[in-house]
Structure formats: C-alpha cells, structure tokens
Amino acid sequence: MSHQVSAVWQPGKAGLADDVLSRGALEAVVRLPEWQLRGMSFLGDVSLDIGDVEFRFTDIPVLDFIMSWRFGLEELTLRGAVRIELLEGRGQVSLSLADPTVAIAWGGRSASCSFVELLRAILSFAQFILDDLTRANPHLLVNDFMEGLYRGVGMRDYGREQFLRHSAAMKKRYRRAE
C-alpha cells in the first residue's frame, strides 16, 4: 500500500507566546513553560493528507500537534492501537497498526497508509515547523522545551543554517548563566 502522506500548516496567531516574543526579552523566553508553548502558542490550521483523504485540524496549537502525533506513533509501535487526544475537546484520532499499514480515523473520516510513510510525514512536518518558527524567532531555542524539541526531531543536524542557529542560541543561554 503506497499513499502519498503530507502535512501542511497555515499559521495563525502566536497565542500566549506572542507577547513574550514581541518584547524579545531573553529571560522571558527562557522562562516560558512547556504548557504555554505546547498548548497555547503558535496556533494554526493543519491539514494531514493521506491519499485523497484530508484530515483538517483548525486553530490548533502546532507544537502540541507535532508532539501528540510523534508520541502517538511511538506508542502505536508498542500497543498496536492508540488514541491521540486533541486539545480543547476536539476529540481523539484513532490509530491502529496491522504491519505495515496504519489505519487512521477522526471526524467521520478514515484512511490508511504505511506506518513508515506516516512517520516520515510527521517528522518532516515537525522539522519544517521548527525550522520556520526558529528562523523567525531564533531566541526560542534558549528555552529548554524548544531546544529539546528542536534536537529531538534532528533539526540541529539538519543543515548548516540550522546548526548555526542552534549554536548561537546555546551561546546566549550559557552566557546568561555565567
């Protein structure tokens, strides 16, 4: 089974992070807690396309989307079936694995694709989002949560520009600590 799998983000409001980022205060960015960044910042619309089926998640915090899908796919490999809980009462996405195929159901729609294709699409999407957010706001990387997420999806090793962006943020972080 080979279906094209892709994810696209249409940015919306920066949410709670907007005030802090607009001030650009390094200390304030460092102190932003995970729950604010993950669940209440960087809102937008995400389309997950599997073959000719579109799953559209509107006005959703994109970092929570990335993390929920990534952890959901990891758990899927262990359990064979999982539900990804979406924030703000938007329901649950059901995933079931019958090697090598994943069945996805949400919002009255269903589709299936290869596990590897879905994982590749989610990780590529995560890399794109983190590259986009940190290019626009490089000081986000001084935040422990954002730096861990950036490294966790391989962005530090993605390319020269991304490595240098990470290195510059780490220099700021450690200069601040001195």
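Residues numbered from 1 in each chain as written. Predicted model: local features only at pLDDT ≥ 70, side-chain atom pairs only at ≥ 80, totals over all residues. Heavy atoms only, no water.

Read across the sheet, 4 strands follow the order β4-β5-β6-β7 without closing on themselves; strand pairing throughout is antiparallel. Strand pairing shows two members of the sheet lacking a second neighbour, β4 (81-85) and β7 (109-114), which therefore form its edges. Strand-to-strand, the axes of this sheet are offset by a mean angle of 20°, without reference to chain direction. Looking at chain direction, strand β6 (residues 101-106) and β7 are connected through 6 bridges and run antiparallel. Considered in β7, the bridge of tryptophan 106 is made with arginine 109. (Pairing = 2+ DSSP bridges. Helix = DSSP H or I, 4+ residues; strand = E, 2+ residues; numbered from the N terminus. Axes fitted to C-alpha atoms, helices over the stretch in contact; angles between N-to-C directions.)

For any two helices packed against each other, the geometry is given by the interaxial angle and the distance between the axes. Where helix α4 (residues 62-79) contacts helix α6 (residues 144-152), the axes come no closer than 13 Å and their chain directions differ by 50°. Classified by the interaxial angle, the pair formed by α4 and α6 is oblique. α6 is crossed by α4, and the crossing has left-handed handedness. For the pair α4 and α6, the contacting residues are Leu63, Met67 and Arg70 in the first and Phe145, Met146, Leu149 and Gly152 in the second. Residues of the contact of α4 with α6, tallied by class, amount to 5 nonpolar, 1 polar and 1 charged. (Parallel < 35°, antiparallel > 145°, perpendicular 65-115°, else oblique. Left-handed = near helix turned anticlockwise from the far one by under 90°. Contact = heavy atoms within 4.5 Å. Nonpolar A, V, L, I, M, F, W, Y, C, P; charged D, E, K, R; others polar.)

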